[in-house]
Amino acid sequence: MILDTFSLDEIEQVLDKGSALSGVLEVGNALKGKEIVTNLQEIILFEKYAGDYSKGHFVTQAIDAFGIDRVRKIVTKSCRLDKAVEVNNYINADSSSRRSRDSSDSGIPESLKQSLKKGGIDVVIAIAKAGNMEVAVKTIEAGFTVEEITRFPFLISPL
């Protein structure tokens, strides 16, 4: 029950922020399961950027992939955790095991993967916010550097 976890005042704060109690509870439980000390405001922020469903699952996955400090950076940059995890999985996927929707897609060349990995969390955030990994790959293949993409995220925006 929600009152076992949050006080009436905390429930009011959650509702005032426009968050769903179930999502905040799910995220709070995920953080507690990871033994991460946090506060209600951070739980609400994580819930907001966790994704559309399975919020606790994506918070857990993000923490496993990036660590709590980088997850905090991701959400402070207004980036969704589910998208960041997806980009991270795409960058780090073994092309032989990655399922491909398009038979002409042979995966990311290894040199490009290494370049994306060197860009670190900033590249993950830029691509996740743009929402399209393929556009990011084509932009880099067109001659733009990973550094340019992180400094100028509009290069991979849908505009």
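Residues numbered from 1 in each chain as written. Predicted model: local features only at pLDDT ≥ 70, side-chain atom pairs only at ≥ 80, totals over all residues. Heavy atoms only, no water.

*Asks:* What am I meant to see in the packing of aromatic side chains here?
*Replies:* Each aromatic ring pair is described using two quantities: the centre-to-centre distance and the angle formed by the ring planes. Per the counting criterion, the structure on display carries two aromatic pairs. Summarising the aromatic geometry, the rings of Tyr-53 and Phe-58 are spaced 5.9 Å apart at their centres and angled 75° between planes, so their arrangement reads as edge-to-face. (Phe/Tyr/Trp six-rings, centres within 6.5 Å; stacked < 30°, edge-to-face > 60°.)

*Asks:* What is the right way to read the packing of helix α6 (residues 81-92) against helix α8 (residues 133-141) from this model?
*Replies:* The relative placement of two packed helices comes down to the angle between their axes together with the axis-to-axis distance. Orientation of α6 relative to α8, taken along the N-to-C sense of each, is 50°, at an axis distance of 11 Å. Here α6 lies oblique to α8, going by the angle between them. Where α6 crosses over α8, the two elements pack in a sense that is right-handed. Counting all contacts with α6, which are made through Val-87, Tyr-90 and Ile-91, the residues of α8 involved are Met-133, Glu-134 and Val-137. For the contact of α6 with α8, a count of residues per class yields five nonpolar, no polar and one charged. (Axes fitted to C-alpha atoms, helices over the stretch in contact; angles between N-to-C directions. Helix = DSSP H or I, 4+ residues; strand = E, 2+ residues; numbered from the N terminus. Parallel < 35°, antiparallel > 145°, perpendicular 65-115°, else oblique. Left-handed = near helix turned anticlockwise from the far one by under 90°. Contact = heavy atoms within 4.5 Å. Nonpolar A, V, L, I, M, F, W, Y, C, P; charged D, E, K, R; others polar.)

*Asks:* What's the story with the confidence of the model for the protein chain in this structure? I'm lost.
*Replies:* In low-pLDDT segments, the atomic positions of the prediction should not be examined closely. In this model, the protein chain carries a mean pLDDT of 83, and residues with pLDDT of at least 70 account for 89%. Of the regions scoring below 50 in pLDDT, residues 95-106 engages in ten contacts with residues more than four places distant in sequence or in other chains. (pLDDT = per-residue confidence, 0-100.)

*Asks:* How do you make sense of unusual backbone geometry when you look at a structure like this?
*Replies:* In most cases, non-glycine residues show a negative phi, while peptide bonds are predominantly trans. In the Ramachandran plot, Glu-35 falls in the positive-phi region, its phi being about 60° despite a non-glycine side chain. Phi angles above zero are rare outside glycine, and Ser-78 is one such case at about 60°. Mapped onto the elements of the fold, Ser-78 is located in the loop between α5 (68-76) and α6. Overall, the relative accessible area of 40% leaves Ser-78 in the partly exposed class. (Buried < 20%, exposed > 50% of the residue type's maximum accessible area, 1.4 Å probe, protein only.)

*Asks:* Help me understand the nonpolar core, please; the structure alone is not making it clear to me.
*Replies:* Nonpolar side chains in soluble globular proteins tend to end up buried together. Within the largest apolar cluster, 45 residues are counted, with the highest numbers of intra-cluster contacts made by Leu-31, Phe-66 and Leu-116. Leave out the neighbours within four places in its chain, and Phe-66 touches Val-71, Ile-74, Ala-84, Val-85, Asn-88, Ile-121 and Val-124. (Core = buried A, V, L, I, M, F, W, Y, C linked by side-chain atoms within 4.5 Å.)

*Asks:* Looking at this model, I keep getting lost on the pattern of salt bridges. Mind explaining?
*Replies:* Think of it this way: side chains of opposite charge can pair up when their charged atoms draw near. Applying the stated criterion across every chain, the model contains seven salt bridges. Among the ionic pairs, Asp-64 bridges to Lys-34, the shortest N-O distance being 2.3 Å. With Asp-64 in helix α4 (residues 55-66) and Lys-34 in the loop between α2 (21-33) and α3 (40-49), this residue pair connects regions lying 30 residues apart in the sequence. On the basis of relative accessibility, which here comes to 53%, the residue Asp-64 falls in the exposed class. On the basis of relative accessible area, Lys-34 is assigned to the partly exposed category, the value being 31%. A salt bridge links Asp-69 to Arg-72, with the shortest nitrogen-to-oxygen separation between them at 3.7 Å. With Asp-69 and Arg-72 both in helix α5 and three residues apart, the pair spans about one turn of that helix. A relative accessible area of 60% means that Asp-69 is categorised as exposed. Each of Glu-42, Asp-69 and Arg-72 takes part in a single network of salt bridges with overlapping partners. (Salt bridge = Lys/Arg side-chain N within 4 Å of Asp/Glu carboxyl O.)

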